[in-house]
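# Structural features, examined
Listed below, chain by chain, are the residues.
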Amino acid sequence: MRINPSILNCDFSDLKGELHKIRNADWAHVDVMDNHFVPNLTMGLPIVEAIIEVSEIPIDTHLMIEDPDRWAPQYAEAGAKSVTFHAEAAAAPLRLARELRSMGVRAGLGLKPATPIEPYLDILDEFDMILIMTVEPGFGGQSFIHSMMPKVSRTREAIDKHGLDVWVQVDGGVSRDTIEIAADAGADTFVAGSAVYKAEDAYAEVDHLRSLVLGHTH
Ligand code: DX5
Ligand code: ZN
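Report follows, based on the coordinates.

What counts, and at which threshold
In every chain, residue numbers begin from 1 and rise along the written sequence. All chains are assigned letters beginning with A, and all ligands numbers beginning with 1, in the order in which they are written. For a predicted model such as this one, the threshold for reporting local features is a pLDDT of at least 70, and the threshold for listing and counting side-chain atom pairs is 80 or more; totals across whole chains, interfaces and linings nevertheless cover every residue. Think of the side-chain values as coming from all heavy atoms in the structure, minus any hydrogens and water. One heavy atom within 4 Å of a molecule or strand is enough for the residue carrying it to be called near that molecule or strand. Polar contacts here mean pairs of N or O atoms no more than 3.5 Å apart (in protein, one a potential hydrogen donor and the other a potential acceptor; neighbouring residues in sequence count only if both atoms are side-chain atoms). Surface accessibility follows the Shrake-Rupley procedure with a 1.4 Å probe radius. Residue values consider only the protein chains on display as shielding. Helix numbers and strand numbers start at the N terminus; a helix is a DSSP run of H or I with at least 4 residues, a strand a run of E with at least 2. Gly counts as polar in this scheme, as do all residues outside two lists: the nonpolar Ala, Val, Leu, Ile, Met, Phe, Trp, Tyr, Cys and Pro, and the charged Asp, Glu, Lys and Arg. Two strands are counted as paired when DSSP detects at least two bridges linking them. The angle between two axes is taken between their N-to-C directions and runs from 0 to 180 degrees, where each axis is a line fitted to C-alpha atoms and a helix contributes only its stretch in contact. Throughout, a contact is declared for two residues whenever any of their heavy atoms are within 4.5 Å. The labels follow the angle: roughly parallel below 35 degrees, roughly antiparallel above 145, roughly perpendicular from 65 to 115, and oblique for the rest. The hand of a helix crossing depends on one turn: near helix anticlockwise from the far one by less than a right angle means left-handed, and clockwise means right-handed. Accessible area is worked out with a 1.4 Å probe on protein chains only. A residue is then buried under 20% of its type maximum, exposed over 50%, and partly exposed in between. Crossovers are marked right-handed if the path from the first strand over the helix to the second runs clockwise, as seen with the strands pointing away from the viewer. Salt-bridge detection follows one rule: a side-chain nitrogen of Lys or Arg within 4 Å of a carboxyl oxygen of Asp or Glu.

### Quick notes on the site of ligand 1
Surveying the vicinity of ligand 1 reveals 20 residues, the closest of which are Gly138, Gly141, Asp171, Gly193 and Ser194. The backbone of Gly173 places a nitrogen or oxygen atom 2.9 Å from an oxygen atom of ligand 1. Gly193 is positioned with one of its backbone polar atoms (N or O) 2.8 Å from an oxygen atom of ligand 1. Relative to its free-state accessible area of 380 Å², ligand 1 is covered by the protein chains to the extent of 99%. When contributions to the shell around ligand 1 are tallied by element, the ones reaching two or more residues are strand 2 (28-33), strand 3 (59-64) and strand 8 (189-192). With 3 residues, the single largest contributor to the shell around ligand 1 is strand 2. Grouping the amino acids of the shell around ligand 1 by side-chain chemistry returns 8 nonpolar, 10 polar and 2 charged.

### Thoughts on the sheet that holds strand 5 (residues 106-111)
Strand order in the open sheet formed by 8 strands is 1-8-7-6-5-4-3-2, with parallel pairing between adjacent strands. Looking along the sheet, the strands with just one partner apiece sit at the ends: strand 1 (2-5) and strand 2. On average, each strand axis in the sheet is inclined to that of its neighbour by 25°, with strand direction left out of account. Contacts between helix 5 (residues 149-161) and the sheet are confined to strand 5, strand 6 (129-133) and strand 7 (167-171), with strand 7 contributing the most and set at about 170° to the helix.

### Section: the packing of helix 2 (residues 45-54) against helix 3 (residues 68-78)
With their axes 10 Å apart at the nearest point, helix 2 and helix 3 run at an angle of 25° to one another. The orientation of helix 2 with respect to helix 3, classified from their angle, is roughly parallel. Helix 2 and helix 3 meet at a crossing whose hand is right-handed. Where helix 2 abuts helix 3, its residues Leu45, Val48, Glu49 and Ile52 lie against Gln74, Tyr75 and Ala78.

### Focus on the pairing of strand 8
Because side chains alternate across strand 8, one face comprises the buried residues Thr189 and Val191, and the other comprises Phe190 and Ala192, equally buried. Where strand 1 and strand 8 come together, 4 bridges link them in parallel fashion. Bridging from a neighbouring strand, Arg2 pairs with Thr189 of strand 8. Two elements, strand 7 and strand 8, share 3 bridges in a ladder whose sense is parallel. The residue of strand 8 that forms the bridge with Gln169 is Thr189. The parallel pair strand 7 and strand 8, bridged by helix 6 (residues 179-185), forms a crossover whose chirality is right-handed.

### A few points about the pattern of salt bridges
Enumeration according to the criterion identifies 10 salt bridges in this entry. When the shortest N-O distance is used, the salt bridge between Asp128 and Arg101 registers 3.0 Å. With Asp128 in the loop between strand 5 and strand 6 and Arg101 in helix 4 (residues 93-102), this residue pair connects regions lying 27 residues apart in the sequence. Assessed through its relative accessible area of 32%, Arg101 is described here as partly exposed. Close ionic contact of Asp207 with Arg210 constitutes a salt bridge, the shortest N to O distance being 3.8 Å. Note that Asp207 and Arg210 are positioned in helix 8 (residues 202-213) at a spacing of 3 residues, about one turn of the helix. Taking relative accessible area as the criterion, Asp207 reaches 34% and is therefore assigned partly exposed.

Following this line, the structure appears as structure tokens:
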């Protein structure tokens, strides 16, 4: 079970301080957006490199970008320990996942809400994590899409059936109100952006979210 706060809605003028607040989390989730794959622009490699440099916990990069086949390996090279690219954007997802793994990082496959898991069920072992979006990617602060829970459950069932060690991450609208629902459906890795950074005490909120999930793991 992992709590991965998204820094998307933190104070970007103080990244070091904002990262320090979540030092009790498992990973820091960093959303890279290119204004093409999603209608928003966040940061690219130089800023991610700076984040990796100052973070006290490992970095989970979520690439919401076109042409990840070309760009994703650079995030691995920069020192991100987990690199997730989107199924909808990759020309050759298997080749890319294998390339990332050969660089010693965890390879994640991201699915937008309308993208089914079924085409990937036979190749789950090629990935270290499946990221199931619970909002349309692009912005923090949106509401959790409950109808994604069957997809989470089907993914979890397939992983367990084959005895695989693949993490199931939910991302978008995860908060005190929704985290247990996602855990019950089979998620084990939870991204929470605004729930953590809009809380009065981000550190305490990470602990609180973790305490809610404990006891709900499958
Ligand atoms: C959305 C991002 C998420 C999101 C998380 O495109 O991938 O990481 O911003 O933020 P909240 O928890 O506020 O939905
Ligand atoms: Zn994300």
